[in-house]
Amino acid sequence: MAALLASSNGNASRPLLQEEPTWSPNSWTSKPIKQEAVYKDRKSVEKSLCKLERLPPIVTPYEIVKLKASLRDVALGKAFLLQGAISPIESKIKLLLQMSLVLIWGSNKPVVRIARMAGQYAKPRSSPTEIINGKEIPSFRGDILNGFATDERALDPSRLVGAYFHSASTLNYIRGSISSGIADLHRPLDWGLGHVRDPSLQTQYSGIVKSITESLRFMHTVGADTAGQLKTVDLYTSHEALLLDYEQRLTRRLKKPSSVVEEPRDAFSLARDGVDIADDGKAYYNTSAHFLWIGDRTRQIDGAHVEYMRGIENPIGVKIGPTTPSSDILDLLRTLNPSKEIGKITLITRMGASKVRQILPEHIRAVESSEYARCVIWQCDPMHGNTRSTSSGIKTRQFADIFSELQQTLAIHQEEGSYLGGVHLELTGDAVTECTGGSEGLKDDDLSLNYTSFCDPRLNEKQALEMAFLIAGHFRKGRLEKQF
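Everything in this summary refers to the structure shown in the same document.

Basis of the calculations
Along each chain, residues carry numbers from 1 onward, in the same order as the chain's sequence is written. Predicted model: local features are reported for residues with pLDDT of at least 70 only, side-chain atom pairs are reported and counted for 80 or more only, and whole-chain, interface and lining totals are derived from all residues. Each side-chain value is worked out from all heavy atoms of the structure, with water and hydrogens disregarded. Exposure categories follow from relative accessible area, calculated using a 1.4 Å probe and restricted to protein chains: below 20% of the type maximum is buried, above 50% is exposed, and the middle band is partly exposed. The numbering of helices and of strands both runs from the N terminus, where a helix is a DSSP run of H or I of at least 4 residues and a strand a run of E of at least 2. The criterion for strand pairing is that DSSP finds at least two bridges linking the strands in question. This arc corresponds to the set of directions leading from the helix axis out to the C-beta atoms. Contact between two residues is taken to exist if any of their heavy atoms lie within 4.5 Å; hydrogens are not considered. What counts as an axis is a line fitted to C-alpha atoms, over the stretch in contact for a helix, and the angles between N-to-C directions run from 0 to 180 degrees.

### A word on the pairing of strand β14 (residues 420-426)
Counting buried residues along β14, seven of its seven residues qualify, which places the element largely inside the surrounding structure. Where strand β1 (residues 80-85) and β14 come together, five bridges link them in parallel fashion. Across the sheet, Leu-82 pairs through a bridge with Val-423, a residue of β14. Bridge count between strand β11 (residues 377-380) and β14: three bridges; the pairing is parallel. Across the sheet, the residue bridging to Trp-378 is Leu-420, located in β14.

### Description of helix α10 (residues 326-336)
Owing to its 3.6 residues per turn, the α-helix aligns residues three or four sequence positions apart on the same side. Among the residues of α10, Ser-326, Ile-329, Leu-330, Leu-332, Leu-333 and Leu-336 are the ones counted as buried. Along the long axis of α10, the arc covered by the buried residues comes to 160 degrees, so they all point the same way. Looking at the buried positions of α10, the neighbouring elements they touch are β8 (291-294), α9 (304-309), β9 (316-320), β10 (345-349) and α11 (356-368).

### Here's the deal with the sheet that holds β10
With respect to topology, eight strands assemble into a closed barrel ordered β1-β2-β5-β8-β9-β10-β11-β14, the strand pairing being parallel. Direction aside, neighbouring strands of the sheet carry axes that sit 30 degrees apart on average. Of the pairings in the sheet, the one linking strand β2 (residues 111-115) to strand β5 (residues 235-240) comprises three bridges and is parallel in character. Looking across to β5, one finds that Ala-115 is bridged to Thr-237. Sheet strands touched by helix α3 (residues 61-75): β1, β2, β5, β8, β11 and β14. Its angle to β2, the strand with the most contacts, is close to 130 degrees.

See the structure below:
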């Protein structure tokens, strides 16, 4: 191998690069790991993991590659990425459709829809235990590991297989709903506005629907509305790749779709990146979801999560927080995407409204002045950096803070000449009271009215649509300014 590295470009005097260890789905086990799940009964764990290895993929390589093509367009500024964690399932689909409709109207660009569902069952925690009624018990770490009820906090290996079947059945329902016409643009009013009764939002949304309806009527008149794209959408799934035992068992070496055409790479670059030179037309795909991300707590360069993620074909997100040095971002990009594939990496910034102005510009400049210029997707997560607890201990977020971080991020990217290609939100189609503020003026005392989340507070439908109109208005204003 050393000889190959030295002579691959015909320059025998070229200094050797340090070899990356060859990657495999379990090479992460040799690295230090954060947020590890430690079970008491390892034999039962192995039994569940063996069963997962025998189960079929949840998503396919073709779907993953199709998403990567769409994300390439996002990175190039030709599309916008809408990613949201929403519940329940039917309202998830409808709310994503409503928001994407608003975003298409504002940006005049296609919207790539990724839902945080069908797999988002593991939850990173700042502490492994918590105090409930004066007693210290294990923290709730997501349904794939333990239960929210205090008597279900022991880690249960059978939940690993249960998570697989919940994911598969959820995705099956999504595919069935889409194929049944739920996303048909001929029927946008069927999506409804749920509990939203705000006259301003109703008027804005109805105006967009009216405009689309009139356009479709014209297309029908001239016989141009036969395209299947008007009746369906692509909706992809995502989750944080936190529980690596689970992710490993659903990582499969599968044939690359015939539509994939890769640029030829020389033997030197292949060896440098730890890639098997004997390419058999296959690649490793994580088949638990289309899109996976690394959390802010698990993004260590030498850690297990980065090691696992560097070897899969799926598009990858990386959460970037206020403590992330710019040098770490570049190290992550060089480790996770050494070939500089456009759109492969999404940088999900989560600074907090009070910190984004002082931190984000430096991050943007570091990336956009490097070899990764115009290569990554910049996405704003205005939720996680703005979490607080009330005096009674209820976790919440202030709508004004969420709104402010998103607004500042849009402005900063415009100032820096970069493109904010997406937004990452936690929301629900139900009339929950989990985030304070907004046009409804929810206060801390109102949170108990309908607080149903077991983990993080979510925007309700009304607040989510307000966010969509903010983004759409920003892009629409920019388009109008360019025209005049």
